[in-house]
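Structure assessment
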Amino acid sequence: MWDSFSFSESDHPRVLITGGLGQLGVGLAKLLRKRFGRNNVILSDIRKPADNVFYSGPFIYTDILDYKNLREIVVNNRITWLFHYSALLSAVGEANVPLARAVNITGLHNVLDIAAEHNLRLFVPSTIGAFGPTSPRDPTPDLCIQRPRTIYGVSKVHAELMGEYYHYRYGLDFRCLRYPGIISADSQPGGGTTDYAVQIFHDAIKTGKFQCNLKPDTRLPMMYIDDCLKATLEVMEAPSETLSMRTYNISAMSFTPEELAQEVQKHVPELQVTYKVDDVRQAIADSWPMNFDDRNARRDWGWKHDYDLPELVTTMFNFLGEESRS
Ligand SMILES: NC(=O)c1ccc[n+]([C@@H]2O[C@H](COP(=O)([O-])OP(=O)(O)OC[C@H]3O[C@@H](n4cnc5c(N)ncnc54)[C@H](O)[C@@H]3O)[C@@H](O)[C@H]2O)c1
Ligand SMILES: C[C@@H](O)[C@H](N)C(=O)O
C-alpha cells in the first residue's frame, strides 16, 4: 500500500510504531518522518486516528496481540525498525491487571519473536516504574535491585530482560531507554502516575484551579517530550559498538508537585493548587526513583537533555497559549 516512496527514501529504515496514538507515538512519527521520509514511517494502533493524524502519513490498524496480523504488516511493508510503544501504564494497569499482563507481556513476546525472525532493530521503552521500594531511589543507577510492585513495572523489567536475552542469545538488535514521566502539550497522558504534571498546565489555563492527586513533596524524575523523542532517535542511530549496555536510564530533571506549581505560578500567579491524594498513585510514586542516574547514557552515546524545569514550563505555556488563542 505504501510502496510508492521515492528512491532516496529507500535508503532509510522502514519504520513501524505500535501503540502510536498514545501520548508519545504521534510526536515520534513526526520526528522520524522528518528524518526518514513521510512514507517510511507507519504509525499503528487499535484506536481510530484523528483526521490530522490520519492525513499526516501512513497509518495502519495493528493489534500486537494478533501475532499473524503483526507479522503480515512487518513483511508486507518490509519493516526494518520497530518502535514498540503499546502498553498499559502504571495506574490503568493496576485497574486492569489481566489486560495489562496481556498487552505488556504477551504483546511483547509477539513483538520480540517477529523482530528476531525478521532481523529488525527493536526499540522498547522502559520506565522509572521498573524500579521499586527496595531499589536505591536517590539516585537510581542503571544496575541495581529491581523489584517493582505494579504490573506495569513487572512487565517492563520483563521486557528489559527478555530483550537483552534475545540480544545475547539470538543477536536481536534490541535497544531500550527507561523514560522518566513525560510532559507534552499537544498529547494527553494515558493513565500513569506522573499525569498530574501535564494536567496542571491545562487546568491553570482553563480554570486557574488544580487539584493534585499526589502529595506536595513527591519527587519524581520528569522530562519534556522533545528530549524523550530525541534520545529515542539517538539511541536507535548509535553505532552498536558504542552501546556498552542495551537498557539505559535517561534523565533531565526531578521535581515535586509543589516545585512545579511554584514554577507554573510564575506564569499564572492566580493559580490555586489543592491536594487530594489518590492512594494507588501515591503508593506507586513512593516506590519509584526520586532522581535518575543516567551517566552511562551520557558517556556511551552522548545523551544530553535540552529542557530543565523553567524551560519546560515556558515551552508548555508558549504552546498552550498559542493554541488557546487560535
Ligand atoms: N508517557 C510516559 O510518561 C512514559 C514514561 C515511561 C515509559 N513510557 C512508555 O512509552 C510507551 C508509550 O507511552 P505513551 O505514554 O504514549 O502510552 P499511552 O498509554 O498514551 O499509549 C499506549 C497506546 O497503546 C495502545 N494499545 C493498547 N493495547 C494495544 C494493543 N493490543 N495493540 C496495539 N496497541 C495497543 C493504546 O491504544 C494506546 O494508544 C509505553 O510503552 C510506555 O510504557 C511512557
Ligand atoms: C512514568 C511512566 O512510565 C508513566 N508516565 C506512568 O506514570 O505510568
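Residues numbered from 1 in each chain as written. Chains lettered and ligands numbered in written order. Predicted model: local features only at pLDDT ≥ 70, side-chain atom pairs only at ≥ 80, totals over all residues. Heavy atoms only, no water.

**A closer look at the site of ligand 1**
What counts, and what does not: For each residue, the test is whether any non-hydrogen atom lies within 4 Å of the molecule or strand; if one does, the residue is near. Pairs of N or O atoms within 3.5 Å make up the polar contacts considered here, provided that, within protein, one atom can donate a hydrogen while the other can accept it, and that residues adjacent in sequence are counted only when both atoms are side-chain atoms. With residues, only the protein chains shown are counted as cover, and all accessible areas are computed by Shrake-Rupley using a 1.4 Å probe.
Of all residues adjacent to ligand 1, which total 26 residues, the nearest are Gln 23, Asp 45, Arg 47, Asp 63 and Tyr 152. Here Ser 86 contributes a side-chain N or O atom positioned 3.1 Å from a nitrogen atom of ligand 1. Take Ile 182: an N or O atom from its main chain is 2.9 Å from an oxygen atom of ligand 1. Relative to its free-state accessible area of 830 Å², ligand 1 is covered by the protein chains to the extent of 93%.

**Let's talk about the site of ligand 2**
Note the threshold: Under this grouping Gly is polar, as are all residues other than the nonpolar Ala, Val, Leu, Ile, Met, Phe, Trp, Tyr, Cys and Pro and the charged Asp, Glu, Lys and Arg.
Every residue close to ligand 2 is listed here: Leu 89, Ser 90, Thr 127, Ile 128, Tyr 152, Gly 181, Gly 192, Thr 193, Thr 194 and Trp 288. Between Thr 193 and ligand 2, the recorded distance is 2.7 Å, taken from a backbone N or O atom to an oxygen atom. Expressed as a share of its isolated accessible area of 260 Å², the protein-covered part of ligand 2 is 94%. Class assignment of the residues belonging to the shell around ligand 2 gives a composition of four nonpolar, six polar and no charged.

**Remarks on the pairing of strand E9 (residues 209-212)**
Short version of the rule: Partly exposed describes any residue whose relative accessible area lies between the buried limit of under 20% and the exposed limit of over 50%, with all areas from a 1.4 Å probe on protein chains only and scaled to the type maximum. Under the DSSP-based scheme used, a helix requires at least four consecutive residues in state H or I and a strand at least two consecutive residues in state E, with every element numbered from the N terminus. When DSSP finds at least two bridges between two strands, those strands are taken to pair.
By the alternation rule, side chains of E9 split into Phe 210 and Cys 212, which are all buried, and Lys 209 and Gln 211, of which none is buried. Across four bridges, the pairing between E9 and strand E13 (residues 272-275) is parallel. Paired with Phe 210 across the two strands is Val 273, which belongs to E13.

**A few points about the pattern of salt bridges**
Defined as follows: Criterion for a salt bridge: a side-chain nitrogen of Lys or Arg within 4 Å of a carboxyl oxygen of Asp or Glu.
All told, the structure shown has 13 salt bridges when counted by the stated rule. Across the salt bridge formed by Arg 299 and Asp 300, the nearest N and O atoms sit 2.8 Å from each other. Look at Arg 299 and you get exposed, because its relative accessible area is 54%. The buried category is assigned to Asp 300, whose relative accessible area is 15%.

**Some remarks on the sheet that holds strand E10 (residues 220-224)**
Stated formally: The angle between two axes is taken between their N-to-C directions and runs from 0 to 180 degrees, where each axis is a line fitted to C-alpha atoms and a helix contributes only its stretch in contact.
Taken together, the three strands give an open sheet; going across it, the order is E8-E10-E12, and neighbouring strands pair in mixed fashion. Looking along the sheet, the strands with just one partner apiece sit at the ends: strand E8 (181-183) and strand E12 (253-255). Across this sheet, the average inter-strand angle for adjacent strands is 45°, counted without regard to direction.

**Observations concerning the domain arrangement of the chain**
Definition in use: Residue ranges labeled as domains rest on an automatic or database domain assignment. By the convention used here, residues are in contact when the closest approach between their heavy atoms is within 4.5 Å. Once two parts are brought into contact, the accessible area they lose, counted with a 1.4 Å probe and summed over both, makes up the buried area.
By the assigned domains, the chain splits into domain 1 (13-182 + 223-249) and domain 2 (196-220 + 253-289 + 308-325). Domain 1 and domain 2 are separated by 26 Å when their C-alpha centres are compared. Contacts between the two partners involve 15 residues from domain 1, matched on the other side by 13 residues from domain 2. Counting the surface lost from both domain 1 and domain 2, the interface buries some 1,200 Å², and carbon and sulfur atoms represent 70% of this. When the area that domain 1 buries against domain 2 is broken down by residue, the three leading residues are Ile 128, Arg 137 and Tyr 224, summing to 45%.

**Structural notes on the side chain of Asn 104**
Among the structural elements, Asn 104 can be located in helix H5 (residues 97-117). Of the polar contacts made by the side chain of Asn 104, one reaches the backbone nitrogen of Leu 88; its length is 2.9 Å.

**Digging into the UniProt feature "domain: NAD-dependent epimerase/dehydratase" (unreviewed entry) in the chain**
Our working rule: UniProt positions are given in the numbering used here, feature names are shortened, and annotations may be inferred rather than shown by experiment.
As annotated in UniProt, the feature "domain: NAD-dependent epimerase/dehydratase" (unreviewed entry) corresponds to residues 15-250 in the numbering used here. Spanning residues 15-250, this segment combines 41% helix with 18% strand, and its end C-alpha atoms are found 23 Å apart.

**Side note on empty space enclosed by the protein**
To find leftover empty space, one rolls a probe the size of a water molecule over the atoms. Stated formally: Think of a 1 Å grid over the protein atoms and nothing else: a 1.4 Å probe that fits but is trapped marks a cavity, an open set flanked by protein within 12 Å on at least five of seven lines marks a pocket, and residues with an atom within 4 Å of a point count as lining. Grid points are joined across faces, edges and corners, and a volume is the space filled by probe spheres set on the points.
Enumeration according to the criterion identifies one cavity of 30 Å³ or more in this entry. Empty space within the largest cavity amounts to approximately 70 Å³. Around the largest cavity, the lining residues are His 84, Ser 86, Ala 87, Val 103, Asn 104, Leu 108, Val 124, Ser 155, Lys 156 and Ala 159. Looking at the lining of the largest cavity, the elements that each hand over two or more residues are H5 and helix H6 (151-170). Residue composition of the lining of the largest cavity, by class: five nonpolar, four polar and one charged.

**A closer look at the pairing of strand E2 (residues 41-45)**
Burial runs high along E2: five of the five residues are buried. As paired strands, strand E1 (residues 15-18) and E2 are joined by three bridges and run parallel to one another. Bridge pairing in E2 places Leu 16 opposite Ile 42. The pairing of E2 with strand E3 (residues 59-61) spans three bridges and is parallel.

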